[in-house]
Number of protein chains: 2
Amino acid sequence: MTDTAQRPTLEAVAARAGVSRATVSRVVNGGDGVREPLVERVRKAVEELGYVPNQAARSLVTRRHDAIAVVVAEPETRVFADPFFALQLRGISKELTAHDNQLVLLLTEGRDDHARVGRYLAGGHVDGALVFSLHLDDPLPGLIQHAGVPTVFGGRPDWSGDRRGVVYVDSDNRGGARDAVRHLVGLGRSRIAHITGALDQTSAVDRLDGYRDVMVDADPRLIVEGDFTPAGGERAMRELLVRCPDLDAVFAANDLTAAGALRVLRESGRRVPEDVAVVGFDDMLPVAEQTEPSLTTVRQDIEEMGRLMARLLLRGLDRHAVEQGVGAAPSSVVLPTTLVRRASA
Amino acid sequence: MTDTAQRPTLEAVAARAGVSRATVSRVVNGGDGVREPLVERVRKAVEELGYVPNQAARSLVTRRHDAIAVVVAEPETRVFADPFFALQLRGISKELTAHDNQLVLLLTEGRDDHARVGRYLAGGHVDGALVFSLHLDDPLPGLIQHAGVPTVFGGRPDWSGDRRGVVYVDSDNRGGARDAVRHLVGLGRSRIAHITGALDQTSAVDRLDGYRDVMVDADPRLIVEGDFTPAGGERAMRELLVRCPDLDAVFAANDLTAAGALRVLRESGRRVPEDVAVVGFDDMLPVAEQTEPSLTTVRQDIEEMGRLMARLLLRGLDRHAVEQGVGAAPSSVVLPTTLVRRASA
DNA sequence: CGGTGATCCGAGAGCGCTCTCACCTCCGGC
DNA sequence: GCCGGAGGTGAGAGCGCTCTCGGATCACCG
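A short tour of the structure in this document, coming up. (Residues numbered from 1 in each chain as written. Chains lettered and ligands numbered in written order. Predicted model: local features only at pLDDT ≥ 70, side-chain atom pairs only at ≥ 80, totals over all residues. Heavy atoms only, no water.)

**Quick word on the pattern of salt bridges**
Just so we agree on the cut-off: By convention in these notes, a salt bridge is any Lys or Arg side-chain nitrogen within 4 Å of a carboxyl oxygen on Asp or Glu. Put simply, DSSP marks the helices as runs of H or I at least four residues long and the strands as runs of E at least two long, and each gets a number from the N terminus on. Only protein chains enter the accessibility calculation, which uses a 1.4 Å probe; a residue whose area is less than 20% of its type maximum is buried, one above 50% is exposed, and one in between is partly exposed.
Applying the stated rule across the entire model yields 58 salt bridges over all chains. Here R307 of chain B ties to E303 of chain B by a salt bridge, and the two come within 3.9 Å at their closest N and O atoms. A residue pair is termed a helical-turn pair when its members lie 3 or 4 positions apart in one helix, as R307 of chain B and E303 of chain B do in helix α14 (residues 302-322) at four residues. By relative accessible area, which is 22% here, R307 of chain B ends up partly exposed. Connected through shared salt-bridge partners, R90, K94, E303, E304 and R307 of chain A make up one network.

So, in structure tokens, the structure goes:
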């Protein structure tokens, strides 16, 4: 824990190279319009002094920070129990570093944190924000709109406010759900149940809609609300077995739910997939591959989602910088999903 | 994606309140030494104009950023397959926001990224760094020492360089491993095998040492190298069954490894825990609770580790600011582990 | 050989803030 | 009633950088 010695400034480099500050600045920022011998001299001086630009001073005048906030609004600990979030973060990180941007992470716990985040974003510390807010009635999107920070959402936000300019990246939850259920139908199943996710999240709602698209007039008793957790899956599965003992398939809203359901099915003596076929969602590897039997599920490319979010945001910022309204504003993207067949269906 | 209007400056607030910039600055930074009526006037002006201090300008003069870098150096994707990292991050985040610090996340992929991180840290963009570098021969600790940024490590770094002032927070891997193996001994097991983690990480080495502490002259064939993954666990378990068919217990270096081992044991017809007792490490919930049977394992308080890292760093920075050498430098902390008994042993 | 661009470089003005220092109160003590 | 001091406030310098703009330099053409 030692301090760095006084760091060299532009001035110092300029002195050493025998040029003006302006010239050093030009070289440091790309070197356009400076003749080769001078460029060389400056580079050498920079090297020798170990000069690193002071970002604060630079931001002060350019009003850019080359930093993006990633806001993860998850009151539940759920995000932390699965690699979903980490993978997305990784995609984001890759894309941001490729464009020399820093990643400022804001995790919020509970409602009171929202104000803090809003203040931070409004404070102009970052050039833009990537926000994960998958809950209905989340105040965050509103706060952000108010803060006036360019933003891309992860997952379709539920939002009653002004929808103009709202950009998001999402998986095709509805389509994926349809594929899952159609697969079960294709296996000859007809009493197909659905354990939903937490219905305060758009992804859960969309997956339910996808299920309904295929099971047009499904027995309503075949639908039970879960909460994306294994425990919820167990509870829901138990209820289903009571309600509809004749069911022959289950589409669970995610893999953790499916894992819980599988356990209850096993306890009840049903064979999977012979008696009851099971399909999950997410393809959360450590879970989907570990279940008994291994889980047929719907895969989404999570890392790509993250990367895409970052790309969209940065592109938007560029456009922003060049001139407002040049070219089309970036628009939302919905990524396709694929069914991964394993043993459970 | 709209721009904020021109943001108000200190100057503007000062004008509105009819005071000088200096006074506004004083009020904004705590208001000491300013008389009440003035404080009130300034507060009102701040409110009305929606003034938010420009962090860049402030940093430029104070040389503080109120930002901490979190460096996650993990060439493998392993970190992302478990909630370990996310939990730690959460602990860190809580502690940092409690002290009004931002969290800048730096994820590195592969060796080339190290230079980038080193440059960033040396660039004085952050006040300190929290670094996860659990690999032997990692160049990162050296780079960081060189960058001269106050740093706390997550997990004991393996480091041949100057150890002075190296602060880390770690779990008691060795002690936890001892507890696990002792537990197995207590169950009357004597042919206790160990599937190690990736031995290029200090945690794996420490856990192996703990195993050896108890199994003083263990049959060397009972130790097989794994890599912290389920696949590695399967492979190692298969080998163990060939080498030592008489084994009656397995201590796996982590829960994922244990999950793989469990599967192979089941395939081979061994009953767990009757024939072979199994203990894992980490208490990675979605894994440990989902296995068949549920896993007895060693729990570490991961979130607390994160929080502690942040606290140690911030404390160090304070001391730094006040005056070098006042009070004891923060020193490393090793957190205790606890054995969680479930069904597998 | 003078004129005319084009090109390259430097001087200097800020960006918005903090912080030192001088000044200006206003109080109490002699 | 005057003076010393404490406490409150403002003026102004400066943090390290970018960027505009004017001046110097050079090539090239008529």
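**So, the interface of chain B and chain A**
The condition is simple: Here, two residues are considered to be in contact whenever any of their heavy atoms come within 4.5 Å of each other. Buried area is understood as the total, over both parts, of accessible area removed when two parts are fitted together, assessed with a 1.4 Å probe. Polar contacts here mean pairs of N or O atoms no more than 3.5 Å apart (in protein, one a potential hydrogen donor and the other a potential acceptor; neighbouring residues in sequence count only if both atoms are side-chain atoms). Amino acid classes used here: Ala, Val, Leu, Ile, Met, Phe, Trp, Tyr, Cys and Pro are nonpolar; Asp, Glu, Lys and Arg are charged; the rest, including Gly, are polar. Following DSSP output, two strands are said to pair if at least two bridges run between them.
Taken together, the contacts link 60 residues of chain B with 61 residues of chain A. Counting each side, the surface lost to burial between chain B and chain A is near 4900 Å², with a carbon and sulfur contribution of 58%. Linking chain B with chain A are two salt bridges, by the criterion used here. Notably, a salt bridge pairs E292 of chain B with R266 of chain A, separated by 3.6 Å at the nearest N-O pair. At the junction of chain B and chain A, the tally comes to four residue pairs in polar contact (both at pLDDT 80 or more). Counting residues per element, the ones that place at least two in the side of chain B that touches chain A are α4 (55-62), α5 (78-81), α6 (84-98), β2 (102-108), α7 (112-122), β4 (151-154), α12 (255-267) and α14 of chain B. No other element matches the seven residues that α6 of chain B contributes to the side of chain B that touches chain A. Of the residues in the side of chain B that touches chain A, the class split is 28 nonpolar, 20 polar and twelve charged. Alignment of strand β2 (residues 102-108) of chain A against β2 of chain B, held across three bridges, turns out to be antiparallel. Looking across to β2 of chain B, one finds that L103 of chain A is bridged to L105 of chain B.

**Remarks on the sheet that holds strand β5 (residues 167-171) of chain B**
This is how the line gets drawn: What counts as an axis is a line fitted to C-alpha atoms, over the stretch in contact for a helix, and the angles between N-to-C directions run from 0 to 180 degrees.
Read from one edge of the open sheet, twelve strands run β11(A)-β5(A)-β4(A)-β3(A)-β1(A)-β2(A)-β2(B)-β1(B)-β3(B)-β4(B)-β5(B)-β11(B), paired in mixed fashion. Among the strands making up the open sheet, the edge pair consists of β11 (333-335) of chain A together with β11 (333-335) of chain B. Strand after strand, the sheet turns through a mean of 20° between neighbouring axes, direction not considered. Pairing geometry for strand β1 (residues 67-73) of chain B and β2 of chain B, over seven bridges, is parallel. In the strand pairing of β2 of chain B, I68 of chain B is matched with L103 of chain B.

**Description of the sheet that holds strand β9 (residues 277-279) of chain B**
Residue and element names in this part refer to chain B. One open sheet accounts for four strands, arranged β7-β6-β8-β9; its pairing is parallel. If you trace the sheet from one side to the other, it starts and ends with β7 (223-224) and β9, each paired once. Alignment of strand β6 (residues 192-195) against strand β8 (residues 249-252), held across four bridges, turns out to be parallel. Bridge pairing in β8 places A193 opposite V250. Helix-sheet contacts for helix α10 (residues 202-214) involve β6, β7 and β8, and the interaxial angle to β6 is about 170°. Of the strands in this sheet, β6, β8 and β9 are in contact with α12, which crosses β9 at around 165°.

**What to know about the nonpolar core**
Short version of the rule: What we call a nonpolar core is a set of buried Ala, Val, Leu, Ile, Met, Phe, Trp, Tyr and Cys residues that are connected through their side-chain atoms within 4.5 Å.
Core analysis: the largest hydrophobic core is formed by 49 residues, its most contacted members being V70, L105 and L130 of chain A together with V70, L105 and L130 of chain B. When neighbours within four sequence positions are excluded, V70 of chain A is seen to be in contact with L89, I92, L103, V104, L105, L106, L130 and F132 of chain A.

**A word on the relation of the copies chain B and chain A**
What counts, and what does not: In this comparison the copies share one frame, found by least squares on the C-alpha atoms of residues holding pLDDT of at least 70 in both.
Superposing chain B onto chain A takes a rotation of 180° combined with a translation of 0.1 Å along the rotation axis, leaving an RMSD of 0.1 Å. The symmetry that links the two subunits is that of a two-fold axis. With an isologous cut-off of 70% or more, the 100% of interface residues of chain B that recur at the interface of chain A puts this contact in the isologous class.

**Structural notes on the protein's contact with DNA strand C**
Note the cut-off: If even one non-hydrogen atom of a residue comes within 4 Å of a molecule or strand, that residue is called near it.
Surveying the vicinity of DNA strand C reveals 28 residues, the closest of which are T23 and R63 of chain A together with L10, S25 and Y51 of chain B. Near the protein, within 4 Å, the atoms of DNA strand C are sugar or phosphate in 67% of cases. Elements supplying a minimum of two residues to the surface near DNA strand C: α2 (21-28) and α4 (55-62) of chain A together with α2 (21-28) and α4 of chain B. Looking at which element gives the most residues to the surface near DNA strand C, the answer is α4 of chain B, with five residues. Per-class residue counts for the surface near DNA strand C are 13 nonpolar, nine polar and six charged.

**Describing the protein's contact with DNA strand D**
DNA strand D sits among 28 residues. The nearest are L10, S25 and Y51 of chain A together with T23 and R63 of chain B. Among all atoms of DNA strand D positioned within 4 Å of the protein, those belonging to sugar or phosphate total 67%. Within the backbone of A57 of chain A, a nitrogen or oxygen atom sits 3.5 Å from a base nitrogen of DNA strand D. A distance of 3.1 Å separates a phosphate oxygen of DNA strand D from a polar backbone atom of S20 of chain B. If you tally residues by element for the surface near DNA strand D, the top one is α4 of chain A, at five residues. Looking at side-chain class alone, the surface near DNA strand D contains 13 nonpolar, nine polar and six charged residues.

**Observations regarding the pairing of strand β3 (residues 128-132) of chain B**
Residue and element names in this part refer to chain B. Most of β3 sits out of view: five of its five residues are buried. What you see with β3 is no split at all: G128, L130 and F132 on one side and A129 and V131 on the other are buried throughout. Bridging between β3 and β4 involves four bridges; their strand directions are parallel. What sits directly across from A129, in β4, is T151.

**As for the packing of aromatic side chains**
Aromatic ring pairs are defined here through the distance separating the ring centres and the angle between the ring planes. Stated formally: Here the aromatic set is Phe, Tyr and Trp, taking the six-membered ring for Trp, and pairing holds for ring centres within 6.5 Å; pairs whose planes are under 30 degrees apart are stacked, those over 60 apart are edge-to-face, and all others are tilted. For a ring to carry a charge above it, either NZ of a lysine or CZ of an arginine must fall within 6 Å of the ring centroid while also lying within 35 degrees of the normal to the ring plane.
Within this structure, the stated rule accounts for two aromatic pairs over all chains. On the basis of an interplanar angle of 50° and a centroid distance of 6.4 Å, the ring pair of F251 of chain A and F281 of chain A is categorised as tilted. One end of the pair, F251 of chain A, is in strand β8 (residues 249-252); the other, F281 of chain A, is in the loop between β9 (277-279) and α13 (285-288), with 30 residues separating them in the sequence. Classification of F251 of chain A by relative accessible area gives buried; the value is 0%. Relative accessible area serves as the criterion here: at 0%, F281 of chain A is assigned to the buried category. Above the face of the F281 of chain B ring, R207 of chain B is positioned so that its terminal group lies 3.8 Å from the ring centre.

These results come straight from atomic positions and should not be treated as a statement about function.
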